[in-house]
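Chains, contacts and geometry: an overview
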Amino acid sequence: MERVLDRVRAGEDDHKCRDCGGILKSDTISFGQQLVPEVIDRAMHAAGEADLFLAVGTSLQVYPIAGAFDLARAAGARTVIMNAQPTPFDDIADAVLPGSISELLPRLVTDPESASRSLN
Ligand SMILES: [Zn+2]
């Protein structure tokens, strides 16, 4: 996989799977695919220890991962939801940043002070 990623970074087009012709992807789960239990366990554990929980680009409607929001909130984390559509947790989040994550997320990364002011 690393060799394929290097070639794509160097400018080649995305590679297709040699067996089925489908897209190659390194480490994501698509709808209908089996979740990796160890990864979910790690995510839930991290949510329960977080000071700040960012839900980015998710409707927070698919469990088990939507439950990470409640876990983090119950453990005292401040919660921020960044999504184009409303979520069932918007009313109880510390901040909701509605809009396109491709516009909002870079702002949060490059100008965190401005973004944090909107959390107060
Ligand atoms: Zn394949």
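Quick summary incoming for the structure in this document. (Residues numbered from 1 in each chain as written. Predicted model: local features only at pLDDT ≥ 70, side-chain atom pairs only at ≥ 80, totals over all residues. Heavy atoms only, no water.)

**Considerations on unusual backbone geometry**
Of the consecutive residues Y63 and P64, the connecting peptide bond is found in the cis state with omega at 15 degrees. Inspection of the secondary structure puts P64 in the loop between strand 1 (52-56) and helix 3 (67-74). Even without being a glycine, L60 presents a positive backbone phi close to 55 degrees. (Helix = DSSP H or I, 4+ residues; strand = E, 2+ residues; numbered from the N terminus.)

**Focus: the environment of G67**
Position of G67 among the secondary structure elements: in helix 3. By relative accessible area, which is 17% here, G67 ends up buried. Along the backbone, G67 and E38 are 29 residues apart, and their C-alpha atoms lie at a distance of 16 Å. (Buried < 20%, exposed > 50% of the residue type's maximum accessible area, 1.4 Å probe, protein only.)

**Some details on helix 3**
Residues that lie three or four places apart on an α-helix share one face, since the helix turns once every 3.6 residues. The complete set of buried residues in helix 3 reads G67, A68, F69 and A72. On its buried face, helix 3 sits against helix 2 (37-49), strand 1 and strand 2 (78-83). Downstream of helix 3 by one or two residues, G76 has phi in the positive range, about 100 degrees. (Contact = heavy atoms within 4.5 Å.)

**Focus: the pattern of salt bridges**
Tallied over the entire structure, the rule returns 3 salt bridges. Between R9 and D6 there is a salt bridge, with the nearest N and O atoms lying 3.0 Å from each other. Placement of the pair is R9 and D6 together in helix 1 (residues 2-9), with a separation of 3 residues, close to one helical turn. Assessed through its relative accessible area of 42%, D6 is described here as partly exposed. Here R7 and E12 are joined by a salt bridge, their closest N and O atoms 3.3 Å apart. (Salt bridge = Lys/Arg side-chain N within 4 Å of Asp/Glu carboxyl O.)

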